[in-house]
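Here are the chains, one letter per residue:
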Amino acid sequence: MGGSMPLMKRPMAMIVLLSVLTIAAVIVCPMIGIRWISPLCIMHDSDLRFIFLNIRIPRTLVSLFVGGGLAVAGMIYQAIFRNPLADPYTLGVSSGASLGAAVCIVAGVGGTAFGMSAVTFGALVGAVVSTLIIYVFAWSREGNSSTLLLAGVVVATVCSGFIMFIHFVGGLHKSFQLLRWLMGGVDGVSYSMFFFLVVPLTAFFIIIGLFMPQLDQFLTGDNIAHSRGVNIRVSRNMFIIVTALAVGSIVAVCGPIGFIGVIAPHACRMLVPGIRHRLLSVCSFLLGGSFLVVADTLARSIAPPSEIPVGIITAMLGGPFFLIVLFRKKSRLLM
Amino acid sequence: MKCTEAMLDITDLWASYGSAAVLRGLSLRIQRNERWAIIGRNGTGKSTLIKLVAGLLNPEQGIIRVDGTDVKRYSSKKRAQVMAYVPQKLDGIIPYSVHDFIMLGRYNSMGLLGVPSPKDYEAVREAIDICGIRHIVGRLMSTLSGGELQRVLLAGAVAQQTPLLLLDEPTTFLDPAHECLFFDALARLHKQRELTIVMVTHDINTAIAQCTHVGALLDGSFIFTGTSREFASRCPVLLDEIFSVSFERYTCSSRNAEAFGAWGVPCL
């Protein structure tokens, strides 16, 4: 009995802590960069004010939503596939979205449809198609966790094969443009890109927010969840489609950024064992978001005057973390 | 009208995995408030039967009526109001506290947002008391022993407050002491409310002592259905037929018989 209170209190404490961390990151990080921009400078120097307001602020906000969105997407994949290592990157969803976007970038398809750019549209299609391939072949046929991840690896490999091909035929200029995009980064984003990211992601958060109790049920296993009254197939399909669309719109803005979907939810689970999805999603969003804000600040500051694509930083930090989770897979505190 | 209906009514049920038929034209009627033990050899389709009833599998042929309605016609929510299912074992870690896990059993009665009402808390408290697990409600599911886990799984199903409870080998992995605690919980539950229980078990003595009726499966259909008293009276012969090994009655002091069972296969 004595142990029950901390388990209930800790998630709230964690949310407060992460909120403070996130707010601090969002306020402080725009000031940091190749050039330090303090609030005082903004008052006096109009050039710095322009950089701060039109480059660094949108970049920070995009990082927040990209990191948070990827973390929540990872959390959902981990629950519906009951696999602690599932995330948009390891399942090949990011790769599928990249291939779709790459085709559009190199083909030079401009234009917009339904208010979306062609690149966004390509990424959405790629994300949905690759998720369906993985789902149909690896999971729905009595698949288990390992076949799912293997299928993800296969899809990612096939997609990168096609991307290589596109590189090859694309010509030098297009190829470099594509390569830079594929490394994943939030540089050069504008308020309009932020808008195109925030609208679909807000819709995504609202939809999944309504179905958090179902995510809780998924982690008790299909049999128990079914007997509790969850329509497993309908619910899983809904989550798959909605999450694929969210990942597609993220990848369209900033390319594939890996491992945040593994890092953030698991770090939260380690800090608050037994946390349920409603609070876990909030914690994951805050942690994933602030992590990417900080990682992006590092990316643009550590090697001046050039900027490192933030995807490189998250991969270098995320890879080792992934291995830790992998080897702690049997650990009792994780899922 | 509804009360005269059988709780569970199975007619001419066929099921198979691939080309191998597991259940061949099985029929069974279970009335309200009965406790049934389904026994039989490994692979005779005991678990398949219970999964079919729970709607986890679809039969090839035949009709399963629970509370007068075809199982296939239930919506997910409605089904969960009629029956709860406790699986044989977990196929992974459940990363919640015991209390939260039992609260998840209230999924059905909670609204879209899953916010528990006082009634839900009351149902969870009752389930915790019935299953005798108050001392572990704050623990994580992943830290429980097998015996504790089984009672927590039972509590999750009890919190669902359904008239039918399906248990798939609930005590297979338990030591005699925890088995005892488990059946104490079932007895308390049965005393508190009208409840029909269908339980798959390998333990013949459990079947006789804890259940009102026994159904014995052999090669995909029942070779015996009836009261456990009747089953006990036909015991050695029937058991030999079901398991194709000869059973003996062990008579020792009554205390031992209770702990270790009265029917067993002699060891060489």
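Visitor: Looking at this model, I keep getting lost on the overall build of chain A. Mind explaining?
Guide: Counting its secondary structure elements, chain A contains 14 helices and two strands. The buried share of chain A, reckoned over its 335 residues, is 53%. Look at the contacts in chain A between residues 6 or more apart in sequence, and 79% of them connect residues 24 or more apart.

Visitor: Looking at this model, I keep getting lost on the overall build of chain B. Mind explaining?
Guide: Looking only at helices and strands, one finds ten helices and twelve strands in chain B. Projecting the C-alpha coordinates of chain B onto the three principal axes gives extents of approximately 55 × 45 × 40 Å. Relative to its 268 residues, chain B shows a buried fraction of 44%. The long-range fraction of contacts in chain B, counting pairs at least 24 apart against all pairs at least 6 apart in sequence, stands at 68%.

Visitor: Please clarify how the sheet that holds strand β9 (residues 213–218) of chain B should be interpreted in this entry.
Guide: Either a parallel or an antiparallel arrangement is found when strands of a sheet pair, and the pairing is made through backbone hydrogen bonds. Residue and element names in this part refer to chain B. The sheet built from six strands is open, its strands ordered β6-β7-β8-β3-β9-β10 with mixed pairing. In this open sheet, the two strands that pair with only one neighbour each are β6 (83–86) and β10 (221–227). Averaged over all pairs of adjacent strands, the angle between their axes in this sheet comes to 15°, without regard to strand direction.

Visitor: I'm lost on the packing of helix α4 (residues 93–107) of chain A against helix α11 (residues 232–254) of chain A in this one. Help?
Guide: Between two packed helices, the angle of one axis relative to the other and the distance separating the axes together describe the packing. All names here are of chain A. Running from amino to carboxyl end, α4 crosses α11 at an angle of 55°, the nearest separation of the two axes being 9 Å. It follows from the interaxial angle that α4 and α11 lie oblique. Seen along the crossing, α4 lies across α11 with a hand that is right-handed. Each of Val 93, Ser 94, Ala 97, Ser 98 and Ala 101 in α4 lies in contact with α11, whose residues at this interface are Ala 244, Val 247, Gly 248, Val 251 and Ala 252. Here the residues of the contact of α4 with α11 are counted per class, giving seven nonpolar, three polar and no charged.

Visitor: How should the confidence of the model for chain B be read in this particular structure?
Guide: Any region with low pLDDT has predicted coordinates that should not be read closely. All names here are of chain B. Counting all residues, the mean pLDDT for chain B is 86, and 92% of those residues have values of 70 or more. Throughout residues 256–260 the model reports pLDDT below 50, and contacts reaching past four residues in sequence, or to other chains, amount to four contacts. Scored as a complex, the prediction yields pTM 0.87 and ipTM 0.87.

Visitor: Mind showing me how you'd approach helix α13 (residues 277–301) of chain A here?
Guide: Within an α-helix, residues lying three or four positions from one another point in the same direction, as the helix has 3.6 residues per turn. Spanning 25 residues, α13(A) covers 35 Å between terminal C-alpha atoms, matching the ideal 36 Å at 1.5 Å per step. Across the 25 residues that make up α13(A), a large majority, 21, are buried.

Visitor: Looking at this structure, I do not really get helix α7 (residues 172–182) of chain A. What am I missing?
Guide: All names here are of chain A. Looking only at α7, the buried set comprises Leu 178, Trp 181 and Leu 182. Each buried residue of α7 sits inside an arc of 95° when the element is viewed along its axis, so together they form one side. Exposed and facing more than 90 degrees away from the buried side of α7 are Leu 172, His 173 and Phe 176. One or two positions beyond α7, positive phi appears at Gly 184, with a value near 80°.

Visitor: So what exactly am I meant to see when it comes to the environment of Tyr77(A) here?
Guide: All names here are of chain A. In this structure, Tyr 77 sits in helix α3 (residues 46–80). Given 30 C-beta atoms within a 10 Å radius, Tyr 77 is considered buried. Taking the C-alpha atoms as reference points, Tyr 77 and Thr 243, 166 residues apart in sequence, are found 8.3 Å from one another. What Tyr 77 contacts, discounting residues up to four positions off in sequence, is Ala 86, Asp 87, Leu 91, Thr 243 and Gly 261.

Visitor: Is there a simple way to think about the environment of Ile312(A) in this case?
Guide: Structurally, Ile312(A) can be placed in helix α14 (residues 310–327). Along the chain, Ile312(A) and Pro11(A) lie 301 residues apart, while their C-alpha atoms are 31 Å from each other.

Visitor: How should the sheet that holds strand β5 (residues 69–70) of chain B be read in this particular structure?
Guide: All names here are of chain B. An order of β2-β1-β4-β5 is seen for the four strands of this open sheet, with the pairing classed as antiparallel. Looking at strand neighbours, the two that pair on one side only are β2 (20–30) and β5, the edges of this open sheet. Sitting on the sheet, helix α1 (residues 46–54) touches β1 (8–17), β2 and β4 (61–66), and the angle it makes with β1 is about 120°.

Scoring rules and cut-offs
Residues numbered from 1 in each chain as written. Chains lettered and ligands numbered in written order. Predicted model: local features only at pLDDT ≥ 70, side-chain atom pairs only at ≥ 80, totals over all residues. Helix = DSSP H or I, 4+ residues; strand = E, 2+ residues; numbered from the N terminus. Buried ≥ 20, exposed ≤ 12 C-beta atoms within 10 Å, placed from the backbone. Contact = placed C-beta atoms within 7 Å. Pairing = 2+ DSSP bridges. Axes fitted to C-alpha atoms, helices over the stretch in contact; angles between N-to-C directions. Parallel < 35°, antiparallel > 145°, perpendicular 65-115°, else oblique. Left-handed = near helix turned anticlockwise from the far one by under 90°. Nonpolar A, V, L, I, M, F, W, Y, C, P; charged D, E, K, R; others polar. pLDDT = per-residue confidence, 0-100. Expected span 1.5 Å × (residues − 1). Arc of directions from axis to C-beta.

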